[in-house]
Amino acid sequence: MRVIQGDTGKKLGIHYEYDPTDKPLGEGGMGVVFRGWRFEEYTGLQREVAIKVLNPGLPQHVIIRARREASVQIRNENLIEMIDFVEVKSKDELGTPITKYYVISEFLHGVTLDALLNGKVTDYKGEVIPFARELYGKYLNNSYLFALTIIRSLLSGLMALHDAGYIHRDIDPSNIMITADGHIKLIDFGISKKISGPITDDTSYTQIGQFIGKPKYAAPELVRGLSNSLAIPTDLYAVGILLYQLITGHVPFDGEMAEILEMQLNNKLPLKNIKQKALRNIIKKATQKNKDKRFQSAAEFRVAIDKLFPIPYPQRELNFVKVNMVAAILIVLIGFFWWILTKAPELDTNNITEIEQSEKNSTIFNWGIDKPKEENDDIKYNKALVMLKNADTAQEGLSLLNNLKNSSSDNIRYNAVFLLSRLYFKNKVDSLDVPDSIRHMQQALIGIISIDNKKAHQYLIEATTINNNDYHSLYELGCNYMSSGKRGTNKDLKKAKEYLEKAQTLAKTAKDKEYIEKTRIKLALLK
């Protein structure tokens, strides 16, 4: 592990660690991003972080931008949390002074929006992100509801960012993250700009006439390189373009970079592709060429969206006559049901069921108004996952998980029981076999449940009984039988080999390199 500690960290007792031999989370022109850890030496607290290691030899203005990125330290559920900028001075083999720079941010388990739009719902480890899977289902079945879900969260994050005196300047699907804990976060403040408040070395390093940002989402003032004209509406233009894309499945302007920039300056958006008039008007206002005619704040944009949310894919435009007709019919129906409940107790319940089914099938209730859906067990399981990561909701999440042990779905029942087995095991802090999501859940459950290896082992046996073809639980059970007492069972190397061999076979079928290697190591120890 490589240890990072700057002068400020030495005073505060804070350092960071990462393994430079790990596969990077990402690479770019500025540097390489690794998964790492933040340690508070005085309290013993540790936290998973992302560490961007800046490339050597970068020009000074790039270093200043990186420092600025790290300084945008705003806590908001729709923004990535920037944590630190670390400057480490040392000497090379020849004794020449060198300086290395690191940008530290929170580590996000999730998938970017651009990957989601291409059907990917797994994180960098290949683990499914339930919230991403849910959103992708909305994208396929109801693009309007999907788009407004994303945009509302994005605007909430921008409100906080703009209130702090920054504009982002680089809003596009690659800079929006769908996280495992159920959030939609705006990330990458690499080219953000301070537009209010104290401005020191944060002044723009963009030359007049120099374009910066993403052409497909760039406001006209960005295209012209007018850095002094950039303001909050510059970001909102990009949000308008993104809203158009999420609904239609494509950006309004495409082609070579020069062609796109020209269209951003002069062409109107093809808004006829947006079937809902009210939404057309919102996108039209957000993407006005003159920034003074756009929404002037993210809050104003959000209010316009909130008037429509939730909105389904429209089957037809509603005029005032139709709205009045619907209102009249609803009043009649409400009166009818009141009569049923208060004046006709002798009415046969079978007839009520038929009436309810008739209403469900009526076109009145299918004009594009989403009725609340009863939560199925799959939704409940995803909800439990989110709750278990927060100390305030962990108790409720655990109760929900326990209820799902009796689900009619074998898949949900297996998932619930297997997760319970992981939660009750005592895990080593540095164990590579323990996903970070499990660590977070166990941390949230402190004081709610006690570690019980025997109980965990019984849950694991139950899980493999429900589903004997999932190599994750088979691998865990094999590891159990390699131990003696410590993991809730007596050592049984014969059973250990049996479970590990089956887990390895299934992992090979699934082409899961991680578990192929894990089982290989364990089996080698049994020889």
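Residues numbered from 1 in each chain as written. Predicted model: local features only at pLDDT ≥ 70, side-chain atom pairs only at ≥ 80, totals over all residues. Heavy atoms only, no water.

1. Concerning the overall build of the chain
Stage number 1. Along the backbone of the chain there are 20 helices and 12 strands.
Stage number 2. Split into buried and exposed, the 527 residues of the chain put 46% on the buried side.
Stage number 3. In the chain, the proportion of contacts linking residues at least 24 apart, taken out of those at least 6 apart, comes to 60%.
Stage number 4. Accessible surface computed for the chain: about 27800 Å², of which carbon and sulfur atoms make up 52%. (Helix = DSSP H or I, 4+ residues; strand = E, 2+ residues; numbered from the N terminus. Buried < 20%, exposed > 50% of the residue type's maximum accessible area, 1.4 Å probe, protein only. Contact = heavy atoms within 4.5 Å. Areas by Shrake-Rupley, 256 points an atom, 1.4 Å probe, with all protein chains shown as cover.)

2. Let's talk about the pairing of strand β10 (residues 176–179)
Stage number 1. Every second residue of β10 is oriented toward a common face, with I176 and I178 on one face and M177 and T179 on the other, all of them buried.
Stage number 2. Here 3 bridges tie strand β8 (residues 110–112) to β10, and the two strands are oriented antiparallel to one another. The residue bridging T112 from the neighbouring strand is M177, located in β10.
Stage number 3. Taken together, the 3 bridges between β10 and strand β11 (residues 184–186) define a ladder with antiparallel strand orientation. For I178, the partnering residue across the bridge sits in β11 and is I184.
Stage number 4. Between β10 and β11, which pair antiparallel and follow one another directly, the connecting turn spans 4 residues, one of which, G182, has a positive phi of 85 degrees. (Pairing = 2+ DSSP bridges.)

3. Re the side chain of R169
Stage number 1. When you line up the elements, R169 lands in the loop between β9 (166–167) and β10.
Stage number 2. Separated by 2.6 Å, the side chain of R169 and the backbone oxygen of I191 make a polar contact. (Polar contact = N/O pair within 3.5 Å; in protein donor to acceptor, adjacent residues only side chain to side chain.)

4. What about the nonpolar core?
Stage number 1. Counting 74 residues, the largest nonpolar core has L158, L243 and L279 as its most contacted members.
Stage number 2. Broken down by element, this core gets its largest block of residues, 11 residues, from helix α5 (residues 143–163).
Stage number 3. Core analysis: the second largest hydrophobic core is formed by 41 residues, L385, Y414, Y475 and L506 among them. (Core = buried A, V, L, I, M, F, W, Y, C linked by side-chain atoms within 4.5 Å.)

5. A word on the sheet that holds β11
Stage number 1. Reading across the sheet, the 3 strands line up as β8-β10-β11 and stay open at both edges, with antiparallel pairing between neighbours. The open sheet has two free edges, formed respectively by β8 and β11, since each of these has just one partner strand. Across the sheet, the mean angle separating the axes of adjacent strands is 30 degrees when strand polarity is ignored.
Stage number 2. Lying over the sheet, α5 contacts β10 and β11, oriented at roughly 45 degrees with respect to β11. (Axes fitted to C-alpha atoms, helices over the stretch in contact; angles between N-to-C directions.)

6. Observations concerning helix α14 (residues 394–403)
Stage number 1. All of the buried residues along α14 are A394, G397, L398, L400 and L401. Projected onto a plane normal to the axis of α14, the buried residues spread over an arc of 160 degrees and lie on a single side. (Arc of directions from axis to C-beta.)

What is shown is where atoms sit, not what they do.
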